[in-house]
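Observations on the model geometry
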Amino acid sequence: MREPRPLRSRAPGTASAFYHDGMSAESPHDPDLSVAIIRGGGVGGFVTRTAVSADSLPAEAASGLRRRVRSVSVDAASAQAARPSGRHPDELLYQVVIDDAGERTTLELAESQLPDSVRDLAEYVDTRPERTLEIEPPAGP
Amino acid sequence: MFGSLVKQHSLGQTADQADWLIGEGILVPGLGEALRSMKAPGTAWKYDTQPGTMSGYQNLPDDTDPRNDNGGVHINSGIPNHAFYLAATAIGGNAWEKAGKIWYDTLTTRLTATSDFRDLAEKTIACAEDLFGAGAETAAVQSAWHSVGVLP
């Protein structure tokens, strides 16, 4: 069964997008910060979702997560503007979903376009023992 | 294709003895037995949506949504994979001796980065004829591409 995709708005024809949806937090117990890294394409073609919530982390790690999210927010607009027009065929694609105090930010970039801040955030989420890792269905009928 | 041929060669299997699975055992058992099945695309694991024929082709956008698989390259590859399986089993014997040679020669000397499914079909048929003449091998390759719907 496919899980519902995040709500989003997107200009037609854009190759990637950085946008806010202003959706409310999913749970009153998790109002602060959560990050999900969805990857697809690449060699195997799997779609994976790695996620972590600040409220599952020790205080120091939660601060580390927030610091990295802040760096991504600062970097994202310039990363979008500076991204190369072409992509490497069949490369790994990233969708970064940040839910922060009721506001959702979604960033989509290809592996070759990742700014250091996004790579650092993804690596941090990947290495937290509190993370969840799921395999999602790909697009299709 | 070539991964499966290496496996078949190492096990000494003929085309009809092979399992035609890619990445067998790579997944935890709850997810499925392999990444892909060239014999039966769409059946290898829990979220395997590969079509085996053009009637199931998924026309996905080539965008940065990771769920769209760079335009469906890992999804729609079930179609040419299945054509190779059909050709190899129709030719019979060791798949690396004839079908494998036809596909390898085609991929390395006759296709470009912008080649599409139809190019692959037409070039493998031409290659089969060049390598083995206008006999059973060429007919098997032609029939495989017709069966998966790439050629009418």
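Structure's up top.
Scope of this entry: the structure provided in the associated data block. Just so it is clear, the structure is predicted and the values come from calculations on it, not from any experiment. (Residues numbered from 1 in each chain as written. Chains lettered and ligands numbered in written order. Predicted model: local features only at pLDDT ≥ 70, side-chain atom pairs only at ≥ 80, totals over all residues. Heavy atoms only, no water.)

**What about the overall build of chain B?**
Quick note on the threshold: In this description a helix means any DSSP run of H or I spanning at least four residues, a strand means any run of E spanning at least two, and both kinds are numbered starting from the N terminus. In this description the radius of gyration comes from C-alpha coordinates, and the expected globular size is given by 2.2 Å times residues to the power 0.38. Three labels apply to residues, based on accessible area from a 1.4 Å probe with only protein chains included: buried if under 20% of the type maximum, exposed if over 50%, partly exposed otherwise in between. In short, Shrake-Rupley with a 1.4 Å probe defines the accessible areas, and a residue's cover is counted only from the protein chains shown. In this tally, Asp and Glu contribute negative charge and Lys and Arg positive charge; neither His nor the terminal groups of the chain are included. Here the site of a charge means NZ on Lys, CZ on Arg, CG on Asp, or CD on Glu.
Of the regular secondary structure elements, chain B holds 6 helices and 2 strands. Reading chain B from its N end, one meets helices and strands in the order α-β-β-α-α-α-α-α. The C-alpha radius of gyration of chain B comes to 15 Å, within 12% of the 15 Å expected for a compact globule of 152 residues. Counting only residues that meet the buried cut, chain B has 46% of its 152 residues in that class. When the accessible surface of chain B is summed, it comes to about 6,900 Å², and 53% of that surface belongs to carbon and sulfur atoms. Side chains of chain B give 10 positive and 17 negative charges; the mean places of these two sets differ by 2 Å.

**Considerations on the nonpolar core**
Considering soluble globular proteins, one finds that nonpolar side chains tend to be buried as a cluster. Here is the rule we go by: Definition used in this section: a nonpolar core is a set of buried Ala, Val, Leu, Ile, Met, Phe, Trp, Tyr and Cys residues joined via side-chain atoms within 4.5 Å. Contacts are residue-level and defined by heavy atoms, with any inter-residue pair within 4.5 Å sufficient.
In terms of nonpolar packing, the biggest core is built from 26 residues, with W20(B), F84(B), W103(B), V141(B) and W145(B) touching the most fellow members. Secondary structure elements with two or more residues in this core: helix 3 (78–91), helix 4 (99–109), helix 5 (117–132) and helix 6 (136–147) of chain B. Take this core: its biggest share by element is 6 residues, from helix 3 of chain B. Contacts of W145(B), omitting those with residues within four sequence positions, involve P80(B), A83(B), W103(B), L120(B), A121(B), T124(B), I125(B), V150(B) and L151(B). Counting 22 residues, the second-largest nonpolar core is a separate cluster that includes L57(A), V72(A), I98(A) and V125(A).

**As for the interface of chain B and chain A**
What counts, and what does not: Accessible area that two parts lose when put together, with a 1.4 Å probe and added across both, is what the buried area reports. In what follows, salt bridge is the name for a side-chain nitrogen of Lys or Arg lying within 4 Å of a carboxyl oxygen of Asp or Glu. In protein, a polar contact means a hydrogen-donor-capable atom and an acceptor-capable atom, both N or O and within 3.5 Å, with residues adjacent in sequence counting only if both atoms are side-chain atoms; elsewhere, any N or O pair within 3.5 Å suffices. Residue polarity is assigned by list, with Asp, Glu, Lys and Arg as charged and Ala, Val, Leu, Ile, Met, Phe, Trp, Tyr, Cys and Pro as nonpolar; anything else, Gly included, falls into the polar class.
Between chain B and chain A, the residue contacts involve 21 residues of the former and 33 residues of the latter. Buried area between chain B and chain A, both sides added, is near 2,100 Å², and the carbon and sulfur share of it is 56%. Where chain B touches chain A, the interface holds 1 salt bridge. With a shortest N-O distance of 3.3 Å, R67(B) and E136(A) are connected by a salt bridge. Applying the counting criterion to the chain B and chain A interface returns 5 residue pairs in polar contact (both at pLDDT 80 or more). Split into classes, the residues belonging to the side of chain B that touches chain A amount to 9 nonpolar, 6 polar and 6 charged.

**Observations concerning the pairing of strand 2 (residues 33–41) of chain A**
Residues and elements named next belong to chain A. Here is the rule we go by: By this definition, two strands are paired if DSSP reports at least two bridges between them.
With respect to burial, strand 2 is a largely interior element, 9 of its 9 residues being buried. Strand direction decides the pairing type here: strand 2 and strand 4 (residues 92–100), joined by 9 bridges, are antiparallel. Paired with V35 across the bridge in strand 4 is I98. When strand 2 meets strand 3 (residues 47–53), the two strands line up antiparallel, connected through 6 bridges. Within strand 3, the residue paired with A36 across the bridge is A51.

**Overview of empty space enclosed by the protein**
Unfilled space is identified by rolling a water-sized probe across the atoms. To keep it simple, the criterion reads: A 1.4 Å probe that fits into a set of points on a 1 Å grid over the protein atoms alone but cannot get out defines a cavity; an open set with protein on both sides within 12 Å along at least five of seven lines defines a pocket, and lining residues are those with an atom within 4 Å of a point. Grid points are joined across faces, edges and corners, and a volume is the space filled by probe spheres set on the points.
If you walk through the whole model with that rule in mind, you get 2 cavities of 30 Å³ or more. Computed from the structure, the largest cavity encloses a volume of approximately 130 Å³. Along the walls of the largest cavity sit 15 residues, with G45(A), R36(B), W45(B), Y47(B) and H74(B) positioned nearest its centre. Of the residues contributing to the lining of the largest cavity, the split by class is 7 nonpolar, 5 polar and 3 charged.

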